[in-house]
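Listed below, chain by chain, are the residues.
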Amino acid sequence: MGDKAEDETSFYSNAEGYWRDVPPTVDGMLGGYGSISSIDINGSKAFLNKFLGEGEGKTGCSCALDCGAGIGRITKRLLLPLFSTVDLVDVTQEFLDKAKHYLGTEGRRVENYFCCGLQDFEPMSGRYDIIWIQWVIGHLTDSHLVQFLRRCQKGLRPNGLIVIKDNVSFEGVVPDEVDSSVCRDLEIVRSLVHRAGLQIVHEEQQMNFPQEIYQVHTLALR
Ligand SMILES: C[S@@+](CC[C@H](N)C(=O)[O-])C[C@H]1O[C@@H](n2cnc3c(N)ncnc32)[C@H](O)[C@@H]1O
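Note that the coordinates shown come from a computational prediction; the quantities given were computed from them, not determined experimentally. (Residues numbered from 1 in each chain as written. Predicted model: local features only at pLDDT ≥ 70, side-chain atom pairs only at ≥ 80, totals over all residues. Heavy atoms only, no water.)

It is worth spelling out the overall build of the protein at this point. Along its length, the protein carries seven helices and nine strands. For 222 residues, the compact-globule formula gives about 17 Å, and the C-alpha radius of gyration of the protein, at 16 Å, lands near that figure. Projected onto its principal axes, the C-alpha coordinates of the protein cover approximately 55 × 35 × 35 Å. Burial analysis of the protein (222 residues in total) assigns 48% to the buried set. (Helix = DSSP H or I, 4+ residues; strand = E, 2+ residues; numbered from the N terminus. Rg over C-alpha atoms; globule rule 2.2 N^0.38 Å. Buried < 20%, exposed > 50% of the residue type's maximum accessible area, 1.4 Å probe, protein only.)

It is worth spelling out the nonpolar core at this point. In this structure, Cys-67, Ile-131, Ile-133, Phe-148, Leu-149, Ile-162 and Leu-221 are the most contacted members of the largest nonpolar core, which totals 31 residues. Contributions of two or more residues to this core are made by α1 (4-20), β1 (63-67), β4 (128-134), α6 (142-154), β5 (156-168), α7 (186-195) and β9 (215-221). For Ile-133, the contacting residues outside a window of four places in its chain are Cys-67, Phe-148, Leu-149, Cys-152, Ile-162, Val-163, Ile-164 and Lys-165. Ranked by size, the runner-up nonpolar core spans 23 residues in total, among them Ala-64, Val-86, Leu-88 and Val-110. (Core = buried A, V, L, I, M, F, W, Y, C linked by side-chain atoms within 4.5 Å. Contact = heavy atoms within 4.5 Å.)

Turning our attention to the packing of aromatic side chains. Applying the stated criterion across every chain, the model contains six aromatic pairs. The interplanar angle of 90° and the centroid separation of 5.0 Å between the aromatic rings of Tyr-18 and Trp-19 together place this pair among those described as edge-to-face. Tyr-18 gets classed as partly exposed once you look at its relative accessible area, which sits at 28%. In this structure an aromatic cluster arises from ring pairing among Tyr-18, Trp-19 and Phe-95. (Phe/Tyr/Trp six-rings, centres within 6.5 Å; stacked < 30°, edge-to-face > 60°.)

In the Ramachandran plot, Trp-135 falls in the positive-phi region, its phi being about 50° despite a non-glycine side chain. Within the secondary structure, Trp-135 sits in the loop between β4 and α6. Judged by its relative accessible area of 22%, Trp-135 is partly exposed.

Gly-68, Arg-73, Asp-90, Thr-92 and Gln-134 are the nearest of the 19 residues found near the ligand. With respect to the ligand, the backbone of Gly-68 contributes an N or O atom lying 2.8 Å from a nitrogen atom. Relative to its unbound accessible surface of 600 Å², the ligand loses 96% to contact with the protein. (Near = heavy atom within 4 Å. Polar contact = N/O pair within 3.5 Å; in protein donor to acceptor, adjacent residues only side chain to side chain. Areas by Shrake-Rupley, 256 points an atom, 1.4 Å probe, with all protein chains shown as cover.)

Let's shift gears to the sheet that holds β1. In any sheet, the strands associate via hydrogen bonds between backbone groups, in a parallel or an antiparallel arrangement. The strand order across the open sheet formed by seven strands is β3-β2-β1-β4-β5-β9-β8, and the pairing between neighbours is mixed. Lying at the two open borders of the sheet, with one neighbouring strand each, are β3 (110-115) and β8 (200-205). Between one strand and the next, the sheet's axes are offset by a mean angle of 15°, whatever the strand orientation. As defined by bridge partners, β4 adjoins β5 across six bridges and the pair is classed as parallel. In the sheet register, Tyr-128 faces β5, and the bridge partner there is Leu-156. Across the sheet, helix α3 (residues 37-49) touches β4, β5, β8 and β9, and the angle it forms with β4 is around 145°. With respect to the sheet, α6 is in contact with β1, β4, β5 and β9, its orientation differing from that of β5 by roughly 150°. (Pairing = 2+ DSSP bridges. Axes fitted to C-alpha atoms, helices over the stretch in contact; angles between N-to-C directions.)

What the rule picks out here adds up to eleven salt bridges. Of the charged contacts in the structure, one is a salt bridge between Lys-50 and Glu-204, with a shortest N-O distance of 2.8 Å. Of this pair, Lys-50 sits in the loop between α3 and β1 while Glu-204 sits in strand β8, and the two are 154 residues apart along the sequence. A salt bridge links Arg-184 to Asp-142; the shortest N-O distance between them is 3.0 Å. Linking Arg-184 in strand β7 (residues 181-184) with Asp-142 in helix α6, this pair joins segments that are 42 residues apart in sequence. One network of salt bridges, in which partners are shared, links Asp-40, Arg-73 and Lys-165. (Salt bridge = Lys/Arg side-chain N within 4 Å of Asp/Glu carboxyl O.)

Here it is as structure tokens:
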């Protein structure tokens, strides 16, 4: 058994090394499954539209945060069309550099590109209507994920929401040595969300993804 702090350091540094070698493309972001990007985005749009709009209790459309944003695949097709401004945070500088071109002219409405690990990132207090966290929670340890979600809650505007969209395993925690991540089952994800003091407002499974990949679930939290 290795030292815990050492294991944690290599869990993060191995992931950083893995992503540094991945091409800054949609296919790179999706591990070769670039073809499912449209299904993913359309599912996310339908999910988000349940909450956005005018009136009592609705989530506003001023500012969104894309966490583990990569080259901005989600920012480009989901967040910039719905929100006035968007911020991106990712640990890989090369992806954020690429995003500046990939997002095109609409990318002028991105206010901040933060190059930072989510385990160290503190969203600005009260800034965001939506904090979108997709395909990245497996790169955080349980306790870092819980602490990050707590900081996210402080980053929300009134009626704001945190959305986690990610792979879930059939049972337990499945490690991936290649990209240095873990895949948790839905019960574990829910329990970490509750440990962070958040409630699950709505939950859905993304349909129409290929059979051979993990199930993907979307959870809205506040
Ligand atoms: C599977 S890609 C998903 C990108 C984007 N969310 C999407 O769906 O297109 C994972 C992203 O997480 C980033 N990442 C990995 N570990 C991270 C960490 N600890 N903090 C922030 N970003 C991280 C990688 O650089 C990569 O851009």
